[in-house]
Amino acid sequence: MSDATHGAVPANSPVLAFARRLFWIAAPFVLIAAVWQIASSFFPPFLFPSLIDVFERVVEIATTWSQFSSVLATALRILAGLAGAFLIGVVLGVAIYTSDIADRLLTPTLTFFQGIPALSWVVFAIIWFHGIEFRILFIMIMTTLPAFTFQVVGALRGMNKDLLEMVMSFRPSRGKYFSAMVLPAVLPEMLTAWKVNLGNASRVVVVAELVGSSGGVGFQLLQQQQLFDMAGALAWTLQLVFFVLLFQWLLSQFERVAFRYRAKSERR
Amino acid sequence: MQREIDKMEKTADTAAGRNGNVSVVAGTEGPEISFRGVTKRFGDLVAVDNLDLDIAKGQLVALLGKTGCGKSTMFNMISGLSAPTDGEVRVMGRNPFTEFDWYRGKMAIVFQSDRLLPWRTAVKNVEFGLESLGISRAERRERAMYWLEKLGLKGHENDYPHALSGGMRQRVSISRAFATDAELLLCDEPFSALDEMTSKRLRTEFARLVKENRKTAVFITHSIDEAFDIGDRIVVLKRPAEIAHDLKIEGEIGAAERERYRRMIHESLAA
Ligand SMILES: Nc1ncnc2c1ncn2[C@@H]1O[C@H](COP(=O)(O)OP(=O)(O)OP(=O)(O)O)[C@@H](O)[C@H]1O
Ligand SMILES: [Mg+2]
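Read on for an overview of the structure. Remember, it's a predicted structure, so these values are computed and weren't measured experimentally. (Residues numbered from 1 in each chain as written. Chains lettered and ligands numbered in written order. Predicted model: local features only at pLDDT ≥ 70, side-chain atom pairs only at ≥ 80, totals over all residues. Heavy atoms only, no water.)

Moving on, we come to the overall build of chain B. Along the backbone of chain B there are 7 helices and 9 strands. Residues classed as buried in chain B amount to 56% of the 271 residues present. Element-wise, carbon and sulfur atoms account for 48% of the exposed surface of chain B, whose accessible area totals about 11,400 Å². (Helix = DSSP H or I, 4+ residues; strand = E, 2+ residues; numbered from the N terminus. Buried < 20%, exposed > 50% of the residue type's maximum accessible area, 1.4 Å probe, protein only. Areas by Shrake-Rupley, 256 points an atom, 1.4 Å probe, with all protein chains shown as cover.)

Right under this line is the structure:
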């Protein structure tokens, strides 16, 4: 930070620090918006609608319950899918970590699954199942399960052997072993896994919602496409992005509290 | 502080080999720790080679040996963290590897590195050792604070390990082991990360503690002085772990004799 010594306000003033933080949060978005707005003055609205139109649509969606419920439905589908995949991933991950047989059977299977496109799961789900919500849940789980499982396995295998043996030397109960050692040791990687998979899930969910859902961001996007309404398409997309950002932010806040024990080097 | 170990008496100097361990304390109870023909291999590497060793209850044994001679490996077998490739290790008459849980609260280890849980503060790290023992929260805190204070860490109890110096971390790890009040203490170079004064003070305290409470203690050290200062028995190991000398020190020995031992140990460590 080279601008620290200029001006009457002391460089370490909390107001200035806050303003600077705010600036850097906003800067990339302002940049994208500016480029878009410039483009909108050269192209017809169905290609690059003005951001003012988009903004009005965003507000409309957020304030109209019949529309906002679609956003909530999609958000819940993402979270349900992630939670399901995470729970199953933990079970499979622990199995792979503790048993060689499970490792040999499951790891190649999950790797195989990882190669299957989301759209294929959509087709399978439509053929196999009836309930719309169940289809979506199935798709969400199948597409994020391999990554979650591998991340759990990686976190378990990455536990510090010295610390683990120290803990074992006190002969803790299983519960104590888990809460004092395993959980704190794998938590950082689990949070990263959630962040990564959240991004994946938000991209898959709109595809999954094409299985016949009559609500949700995916369904709404399909409507906008049929109407050739670019402002609407953008506004719906932004709703999903907002949700992802909000959830990422929540995870980051949790990280800040949970990992305050970490040392920070002054050099990076 | 001058201690009774300045008066030393050699009872077993078994430079000749490993079958000279005759220093089992008389009485009906068997040895607290016994190695019988113990070999530990890591792949092709032999870390401990056909070792026989008995350690009696109440003994304070200093284990000396070159780096990499298998001392920590011996500790891992005593504590049940690893099993011998060959032979038998028995601790308190049982097999520490297969009867692992039986030893809960009965032994405490000060590891070579501090091994503090980075996500716990100093006092919570000390308390960890007590949490498996069903001790109440209040008593855990009290005991932990007692030991932290004794080791000069008052005021740092709420610091996370990353904010402590190497020596402070080592003292937290000593507190963690001592707070459990276990009857068997295994200390892997517990005082090596400390300055001379602190180290001297702590080892005197350590020896007093072990003697007063009739605990059994094995401690690894690289310092011959430290071994003489507190050990009532000094076991010198060759590489791979195999006994070079086994000195029992009690009663009075002259400065000349002490010097002779020192030279002898020096020679086998230099070999
Ligand atoms: N888990 C392991 N895998 C492979 N080799 C090992 C393992 N643990 C120890 N060794 C080897 O066994 C030998 C003895 O190691 P150990 O840690 O017991 O030495 P040490 O006597 O404690 O040495 P130091 O005084 O340096 O701590 C070394 O050669 C080491 O490389
Ligand atoms: Mg060692």
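After presenting the structure, the write-up continues.
This next bit is on the sheet that holds strand β1 (residues 33-42) of chain B. Residue and element names in this part refer to chain B. Across the sheet, 3 strands lie side by side as β2-β1-β4; this open sheet has antiparallel pairing. Edge positions in the open sheet fall to β2 (45-55) and β4 (86-91), since each of these has one partner strand only. With strand direction ignored, the average angle separating the axes of adjacent strands in the sheet is 25 degrees. (Pairing = 2+ DSSP bridges. Axes fitted to C-alpha atoms, helices over the stretch in contact; angles between N-to-C directions.)

Residues and elements named next belong to chain B. With mixed pairing, 6 strands are arranged side by side in an open sheet as β5-β6-β7-β3-β8-β9. The open sheet has two free edges, formed respectively by β5 (107-110) and β9 (242-248), since each of these has just one partner strand. The sheet shows a mean angle of 15 degrees between the axes of neighbouring strands, direction not considered. Bridge count between strand β3 (residues 60-65) and strand β7 (residues 216-221): 5 bridges; the pairing is parallel.

Here we come to the pattern of salt bridges. This structure, assessed with the given rule, holds 32 salt bridges over all chains. Note that arginine 140 of chain B is salt-bridged to glutamate 127 of chain B, the shortest N-O span being 3.7 Å. Taken together, the residues arginine 140 of chain B in helix α3 (residues 137-150) and glutamate 127 of chain B in helix α2 (residues 122-131) connect sequence positions 13 residues apart. Accessibility classification places arginine 140 of chain B together with glutamate 127 of chain B in one group, the buried group. Residues joined in a network through salt bridges with shared partners are Lys161, Asp162 and Glu165 of chain A together with Arg115 of chain B. (Salt bridge = Lys/Arg side-chain N within 4 Å of Asp/Glu carboxyl O.)

What follows concerns the packing of helix α9 (residues 217-227) of chain A against helix α10 (residues 230-258) of chain A. Residue and element names in this part refer to chain A. Viewed as axis vectors pointing N to C, α9 and α10 meet at an angle of 165 degrees, and their least axial separation amounts to 9 Å. On the basis of the axis angle, α9 is roughly antiparallel to α10. When you trace α9 past α10, the crossing you get is left-handed. Contact residues: α9 offers Val217, Gln220, Leu221 and Gln224, while α10 offers Gly232, Ala233, Trp236, Thr237 and Leu240. (Parallel < 35°, antiparallel > 145°, perpendicular 65-115°, else oblique. Left-handed = near helix turned anticlockwise from the far one by under 90°. Contact = heavy atoms within 4.5 Å.)

Right, let's get into the packing of α2 of chain B against α3 of chain B. Residues and elements named next belong to chain B. Packing of α2 against α3 brings their axes to within 9 Å, and their N-to-C directions diverge by 125 degrees. With respect to α3, the element α2 is oriented oblique. For the element pair α2 and α3, the recorded crossing hand is right-handed. Side by side, α2 and α3 meet where Ala122, Val123, Lys124, Val126, Glu127, Leu130 and Glu131 of the first sit next to Arg140, Arg141, Arg143, Ala144, Met145 and Leu148 of the second. Residue classes in the contact of α2 with α3 are distributed as 7 nonpolar, no polar and 6 charged. (Nonpolar A, V, L, I, M, F, W, Y, C, P; charged D, E, K, R; others polar.)

Before going further, it helps to spend a moment on the nonpolar core. Ile139 and Met181 of chain A together with Phe35 and Val91 of chain B are the most contacted members of the largest nonpolar core, which totals 91 residues. Ranked by residues supplied to this core, first place goes to helix α8 (residues 174-208) of chain A with 15 residues. (Core = buried A, V, L, I, M, F, W, Y, C linked by side-chain atoms within 4.5 Å.)

Let us look at the coordination of the magnesium ion (ligand 2). The expected angle between donors at a tetrahedral four-coordinate metal is 109.5 degrees. At an octahedral six-coordinate metal it is 90 or 180 degrees. Residues and elements named next belong to chain B. For the magnesium ion (ligand 2), the full set of protein donor atoms is Ser72 (OG) and Gln112 (OE1), at a range of 2.0 to 2.3 Å. Of the two residues, serine 72 is situated in helix α1 (residues 71-78) and glutamine 112 in the loop between β5 and α2; the sequence distance between them amounts to 40 residues. Residue serine 72 is classed as partly exposed on the basis of its relative accessible area, which comes to 27%. (Donors = N, O, S within 2.8 Å, 3.2 Å for Na, K, Ca; no water.)

One water molecule sets the probe size; rolling that probe over the atoms shows where empty space is left. Taken as a whole and assessed by the stated rule, the structure comprises 1 cavity of 30 Å³ or more. Considered as a void within the structure, the largest cavity measures approximately 30 Å³ in volume. As for the largest cavity, its lining consists of Ser169 and Phe170 of chain A together with Gly105, Met107, Gly129, Leu133 and Thr180 of chain B. (1 Å grid on protein atoms, 1.4 Å probe; cavity = no way out; pocket = protein on both sides within 12 Å on 5 of 7 lines; lining within 4 Å. Points joined across faces, edges and corners; volume = space filled by probe spheres on them.)

Residues and elements named next belong to chain A. Taking 1.5 Å of rise per residue, 13 residues should cover 18 Å, and helix α2 (residues 51-63) covers 18 Å from first to last C-alpha, within 8% of that figure. Within α2 the residues assigned to the buried category are Val54, Val58 and Ile61. Considered in projection along α2, the buried side chains sweep an arc of 65 degrees and stay on one side of the axis. Summarising the geometry of α2, the exposed residues directed more than 90 degrees from the buried face are Ile52, Phe55, Glu56 and Thr63. Against α3 (65-98) and α10 lie the buried residues of α2. (Expected span 1.5 Å × (residues − 1). Arc of directions from axis to C-beta.)

Residue and element names in this part refer to chain B. Of all residues adjacent to ligand 1, which total 13 residues, the nearest are Thr67, Gly68, Lys71, Ser72 and Thr73. At 3.2 Å, a backbone N or O of cysteine 69 approaches an oxygen atom of ligand 1. Separating an oxygen atom of ligand 1 from a side-chain N or O atom of serine 72 is a distance of 2.7 Å. In the complex, 63% of the free accessible area of ligand 1, which totals 630 Å², lies under the protein chains. Elements with a minimum of two residues in the shell around ligand 1: β2 and α1. Top contributing element to the shell around ligand 1 by residue count: α1, with 3 residues. For the shell around ligand 1, the per-class residue count stands at 4 nonpolar, 7 polar and 2 charged. (Near = heavy atom within 4 Å. Polar contact = N/O pair within 3.5 Å; in protein donor to acceptor, adjacent residues only side chain to side chain.)

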